[in-house]
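One letter stands for each residue in the lines below.
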Amino acid sequence: MKRSRGIALITILAICAVLLFILGVGLKLGGNGVLFVSQVHKRNVALSAAEAGVYEAMAALANNKSYSGLRTGTLAESKATYRARVTNSLSSGGSLAVVSTGEFGGVKRTLRAELEPDALGFDGVSVDGKVYVFDQGYVNAIASPENPVARPGNMHTQYIGAEAAYQGRDFGEDGTQPLVHVTGGLTSNGSLGNTYTRTARTWASGVNKAGYRLDPVQMQSGSFTTVTSLLGGTLSGNTEIGTDPDTSVTKIPNKLIVPKGVTLVVNGRAEFLGGIAGDGEVVVNGDAIIRTDANFDPNTKEGVKVYASKSVFITHPEAELEDSKVKAQLDPIGDYFAQMPMEATVELAIDMPTSAPRGGAFFTWFNSAVSSPDSEFDLWYNGDGTDIHPGLSQETKDWLLNSDPIKNDIANWASSTSGL
Amino acid sequence: MLAMIFTLTLQPTLAGGSSGGGGGCGGSSAAVPAQNNAYIASEVYDDYASAPVNIGSTTYSNTLNGEEYIAQLLGDGGSRFDPRLPGYSYFQGLVQAENHVTIAGQVRVIGGITGADAADATVNFYGGAMVTTNPYAYLGAEDSLVGGPPGLLTRIKTLEEIPNP
């Protein structure tokens, strides 16, 4: 009997020990969990504070483009803090970076953001005079040559007068309605006018704002090596050519590269018959004629800055100037793609039907499929009302539908250039 | 390709000779509307002191692979973004003239156009001319680029978490 009681007691004690162990482990895990959740919360809030510091830096730059320094702050609800240091060397061709540390409950997290200027804040055309569009004129923007994501492009003129600031002209007298196609804002200090078709995201008259200007005096400061001829190639230092701004004519037959930090001064007319490239500066005390070519260099970050005391002509290689009359050719395929909506570059790839040809035959396929769409086409074209399947914007749809008259030409062009 | 290209004889403009005078710069463009000649005469021709500009055409050497270009646009073959356009040529930079700026034909100016500050100055887009803002064209000039708004709109190019300082 005694033996049985002893065994029962030992059993009860063992069970209690096991229960205590389980309870202890549970309490330990629970405590860790609470600590873990608390730690995650602190880390998240600290990260949010660091992000707030980045946006605070962007706001500071929006008020002062030269801003460098430290911004600090405290988030209203969480009381988390941030310290964001801005290092700004954009004006000297450098970078713009923000290092922002957020802190909450003793936890710190740090973000480093590299910022770049947004094309939205610039006017691609910013002038004081009237703007004439002879048949078609386009203004848009990219993030940078290295990363040429489409951005809204703006055009502005300060012109105020009896006539409208923007004028459209049908110079071929073939009934072409002049088109001003602006992917951002079209603004003027005076009247916008109505002699053209306008496609712009926004437009407004009565807008008064000063644009950027080059300072030719500053550009011509320093010492220059005088030469009597230039054939092209890469300039190695500041160079001056031409003796008389009124009569001298400098013809440069081959492409001239003006590197960063180098300035070319031309006294008199300058004819850059092989084009200009580089990130340097050019001052022409006279007229400048620049013939372009089909080469685009994504590594040219800024491009060359050209100031002319008189007028500038920038010509397509197949265009002619005959007694200053412009003769140009219009490639309708190029003109079709020039009118591509900014959104199309993003929208087209979403839910693209598997049956769609990825090449020049696409537009032929599209114009056939749009008249008898299957479910896959319909999802791509119209979407289903969700963010995952948004469909195409009306602008992109209209642009695609406009391809019908030249769909075969596009296919032929793509095929003929496929070996390049 | 040639069959697809329409040659347009566009308007006489700018420059034109110190002999001045209205009535249109030269008589070779019979198709030019009279009212446009009048515009040129009254607004541009008279103030332009330089000699007439004569520049011949040259060969356009295409650099664009059409099949790849369209494939990229549709999401294949890497980046969808290519600033090149069929038939276009390119100038990369910022241009300022005291008088007139003329972009003749399908030229894409990747940078910007400023100035045209003279009282009767004009900017002229001919037949598909395009200006594409490159914000970097407005930077890096330090002392030679002045004016503009006091602030700078920016966008995040890269964002990464780094060890705490």
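Criteria and cut-off values
Residues numbered from 1 in each chain as written. Chains lettered and ligands numbered in written order. Predicted model: local features only at pLDDT ≥ 70, side-chain atom pairs only at ≥ 80, totals over all residues. Heavy atoms only, no water. Helix = DSSP H or I, 4+ residues; strand = E, 2+ residues; numbered from the N terminus. Buried < 20%, exposed > 50% of the residue type's maximum accessible area, 1.4 Å probe, protein only. Contact = heavy atoms within 4.5 Å. Areas by Shrake-Rupley, 256 points an atom, 1.4 Å probe, with all protein chains shown as cover. Buried area = accessible area lost by both parts, 1.4 Å probe. Salt bridge = Lys/Arg side-chain N within 4 Å of Asp/Glu carboxyl O. Polar contact = N/O pair within 3.5 Å; in protein donor to acceptor, adjacent residues only side chain to side chain. Nonpolar A, V, L, I, M, F, W, Y, C, P; charged D, E, K, R; others polar. Pairing = 2+ DSSP bridges. Domains from an automatic or database assignment. Core = buried A, V, L, I, M, F, W, Y, C linked by side-chain atoms within 4.5 Å. Arc of directions from axis to C-beta.

Q: Could you clarify how one ought to interpret the overall build of chain B in this entry?
A: Each helix and strand in chain B was counted, giving two helices and eight strands. Starting at the N terminus, the α and β elements of chain B follow one another as β-α-α-β-β-β-β-β-β-β. Within chain B, the proportion of its 165 residues that are buried is 59%. In chain B, the share of contacts with a sequence separation of at least 24, taken over all contacts with a separation of at least 6, comes to 41%. Accessible surface, chain B as shown: approximately 5700 Å² in total, 52% of it carbon and sulfur.

Q: When you look at the interface of chain B and chain A in this model, what are you seeing that I'm missing?
A: Every contact between the two is made by 129 residues of chain B and, on the other side, 151 residues of chain A. Where chain B abuts chain A, roughly 13200 Å² becomes buried across the two surfaces, and 58% of that area is made up of carbon and sulfur atoms. There are three salt bridges connecting chain B and chain A. For Glu161 of chain B, the salt bridge is made with Arg109 of chain A, and the minimal N-O distance between the two is 2.7 Å. Taken together, the links from chain B to chain A amount to 70 residue pairs in polar contact (both at pLDDT 80 or more). Across the side of chain B that touches chain A, the residue classes break down as 67 nonpolar, 48 polar and 14 charged. Inspection of the sheet shows strand β7 (residues 136-142) of chain A paired to strand β6 (residues 129-133) of chain B by five bridges, in the parallel sense.

Q: I'm lost on helix α5 (residues 362-369) of chain A in this one. Help?
A: One full turn of an α-helix is made of 3.6 residues, so residues set three or four places apart face in the same direction. The element α5 of chain A is extensively covered by neighbouring structure, given that six of its eight residues are classed as buried. The complete set of buried residues in α5 of chain A reads Phe362, Phe363, Trp365, Phe366, Asn367 and Ala369 of chain A. Looking at the buried positions of α5 of chain A, the neighbouring elements they touch are α3 (332-338), α6 (375-382), α7 (394-401) and α8 (407-416) of chain A together with α2 (66-73) of chain B.

Q: Sorry, what's going on with the domain arrangement of chain A here?
A: Put simply, an interface is often sized by how much accessible area is lost when its parts join up. The domains assigned to chain A are domain 1 (33-115), domain 2 (126-211), domain 3 (214-330) and domain 4 (337-417). Of note, the centres of domain 1 of chain A and domain 4 of chain A, computed from C-alpha atoms alone, are 42 Å apart.

Q: Where do I start with the pairing of strand β1 (residues 69-74) of chain A in this structure?
A: All names here are of chain A. Relative to strand β2 (residues 81-88), β1 runs antiparallel, the two sharing six bridges. Bridge pairing in β2 links Thr74 to Thr81. The turn joining β1 and β2, which pair antiparallel and follow one another in sequence, is formed by six residues; a positive phi near 65° is taken by Lys79.

Q: What is the right way to read the nonpolar core from this model?
A: Nonpolar side chains tend toward joint burial in soluble globular proteins. Counting residues in each nonpolar core, the largest one holds 48 residues, and the members touching the most others are Met155, Leu186, Leu264 and Phe272 of chain A together with Ile103, Ile113 and Phe125 of chain B. Counting contributing residues, this core receives three or more from each of domain 2 (126-211) and domain 3 (214-330) of chain A. With residues up to four places along the chain from it excluded, the contact list for Leu264 of chain A reads Leu230, Leu235, Thr239, Ile241, Leu256, Phe272, Glu281, Val282 and Val283 of chain A. Formed by 38 residues, the second largest nonpolar core is a distinct cluster that contains Met352 and Leu400 of chain A together with Leu85 and Tyr90 of chain B.

Q: I would appreciate a short explanation of α7 of chain A in the present structure.
A: Among all positions in α7 of chain A, only Thr396, Lys397, Trp399 and Leu400 of chain A are buried. For α7 of chain A, the angular spread of buried residues about the axis comes to 165°, placing them on one side.

Q: For this particular structure, what's the right way to read the sheet that holds strand β15 (residues 233-234) of chain A?
A: In any sheet, the strands associate via hydrogen bonds between backbone groups, in a parallel or an antiparallel arrangement. Residue and element names in this part refer to chain A. Pairing is parallel across the open sheet formed by three strands, whose spatial order is β15-β18-β21. Edge strands, defined here as strands with exactly one partner in the open sheet, are β15 and β21 (276-277). The sheet contact formed by strand β18 (residues 256-257) and β21 spans two bridges and is parallel. Across the sheet, the residue bridging to Ile257 is Ala277, located in β21.

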